[in-house]
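# An overview of the molecular structure
Here's the letter readout for the chains.
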Amino acid sequence: MNPKKIHIGLIGAGFMAKAHSIAYAGMPMFFWPAPAIPVKKMIVDMNEDIARDAKEKLAFEAYSTDWHDIINDPEIEVVDICTPNNVHAEIAVAAAKAGKHILCEKPLALTPEQAGEMYRAARENGVKTMVAFNYRKTPAVQLAKKYIDEGAIGDILDFRGTYLQDWSAHPDSPLSWRFQKSICGSGALGDIGTHVVDMLRFLVGDFKRVNARTATYIKERPLQSGMTDSLGNLRVDQDTPKKAVDVDDQCMFMIECENGAFGSIEATRNAWGRNNYITFEIHGTKGSIYFNYERRDELQVCFADDASDRRGFRTVYTGPNHPYGDGLWPIPALGIGYTETKIIECYDFFRALQDGTEASPNFRDGYAIELISDAILESAEKREWVDVKEVE
């Protein structure tokens, strides 16, 4: 068995480049025979020192400071976009016109208009796409989907989700690009809230309308200086200049789905004590499901058909008999980490390339989520229910 080799060009050499590079290396080890063998051909960063270092650290064959070199390289078949949000559209449209398949980090774009352009460019040029909402790839989330599709909890009544972090709760957290609308598009909503939006769409169904509130608690933040203390924390003192924050620190919204189910989602990066607290609870006519990403090997389930003296939430530990289990670890609860979700994401994408099927979530999903996000921000401004536009 000699799987086809597919050459990768990765743009952006930060945190996500590391996650994606590990996934490319690990995917064939976990899922053999692999649908294809990723070859890390070129990595790009505008900073040459960072690009050069990333080439060695992440085991790429070459580096560049110009992303056009990836687009123009005839050997590169997949463009992986791990940049800040404001350049996703330009790169993706160029890649699609060059006939290259695209994996793009979330959120898909700054605006629905950009996302729509990306979606149409990919569709018109016949390239495969994926948006990196990797948390839906967690085996416990996939198991929840299996139960729902089997009818194990009946008709869905409601969904309650959260994504809570505390990394920006301190007022001296520096003003990174994630706090600047011109670069990120939105704050907690686009950065983390969209992950839960994706889970709701995946598990329950499409959005019909939303009613939202947003808040910016820390109105200005110190500019990043690049200086760190002995513990590696960015140094901030009274003389560090500050700049206004123009995105949301928190968003909360109610949802009405097309199928009649209701829901609510809360996302904030100002929740002291919460690290990566992604949760959802789904109630149906025949049972309930609860998931907490910080305990990602576990799915809490309750089925109404259980005898009354045994009814209640119980824990199912994901393992070899559950979704993707045959490619992961042979014993339940050995430990699924962030890396495994990226490996599964990589596997699904390359399997779609091999089979000629659509990857999921793809640019159409990313565009739909941008339309939802736009409705959420409009609702927060108007303080009223707003209908979600449909993908054209």
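Notes on the structure in this doc start here. Quick caveat: nothing in here was measured; it's all calculated off a predicted structure.

### Details of the packing of aromatic side chains
In this structure the tally under the stated criterion is 14 aromatic pairs. Here the aromatic rings of Trp 167 and Phe 179 are separated by 5.7 Å at their centres, their planes lie at 55 degrees, and the arrangement is tilted. Residue Trp 167 is located in the loop between strand E7 (156-164) and helix H7 (181-184), and its partner Phe 179 is located in the loop between E7 and H7; the two are separated by 12 residues in the primary sequence. Between the NZ or CZ atom of Arg 274 and the centre of the ring of Tyr 277, over which it lies, the distance is 3.7 Å.

### Details of unusual backbone geometry
That bond from Trp 32 to Pro 33 is cis: its omega, 0 degrees, falls within 30 degrees of zero. Counting through the fold element by element, Pro 33 comes out in the loop between helix H1 (15-30) and strand E2 (37-44). Following Lys 106, the chain continues into Pro 107 via a peptide bond in cis, with omega recorded as -15 degrees. Within the secondary structure, Pro 107 sits in the loop between strand E5 (101-104) and helix H5 (112-125). The phi dihedral of Ala 59 is positive, around 65 degrees, even though this residue is not glycine. With respect to the helices and strands, Ala 59 occurs in the loop between helix H2 (48-57) and strand E3 (62-64). At Arg 383, a residue that is not glycine, the phi angle is positive and equals roughly 60 degrees. With respect to the helices, strands and loops of the structure, Arg 383 is situated in the loop between helix H10 (363-382) and strand E17 (386-387).

### Section: H5
Side chains that are three or four residues apart share a direction in an α-helix, a result of its 3.6 residues per turn. For H5, spanning 14 residues, the distance from its first C-alpha to its last is 20 Å, which sits close to the expected 20 Å at 1.5 Å a residue. Buried within H5 we find Pro 112, Ala 115, Gly 116, Met 118, Tyr 119, Ala 121 and Ala 122. Buried residues along H5 sit against helix H4 (88-97), E5, strand E6 (129-131) and H10.

Calculation notes
Residues numbered from 1 in each chain as written. Predicted model: local features only at pLDDT ≥ 70, side-chain atom pairs only at ≥ 80, totals over all residues. Heavy atoms only, no water. Phe/Tyr/Trp six-rings, centres within 6.5 Å; stacked < 30°, edge-to-face > 60°. Helix = DSSP H or I, 4+ residues; strand = E, 2+ residues; numbered from the N terminus. Lys NZ or Arg CZ within 6 Å of the ring centre and 35° of its normal. Expected span 1.5 Å × (residues − 1). Buried < 20%, exposed > 50% of the residue type's maximum accessible area, 1.4 Å probe, protein only. Contact = heavy atoms within 4.5 Å.

Function-wise, these values are silent; they only describe arrangement.
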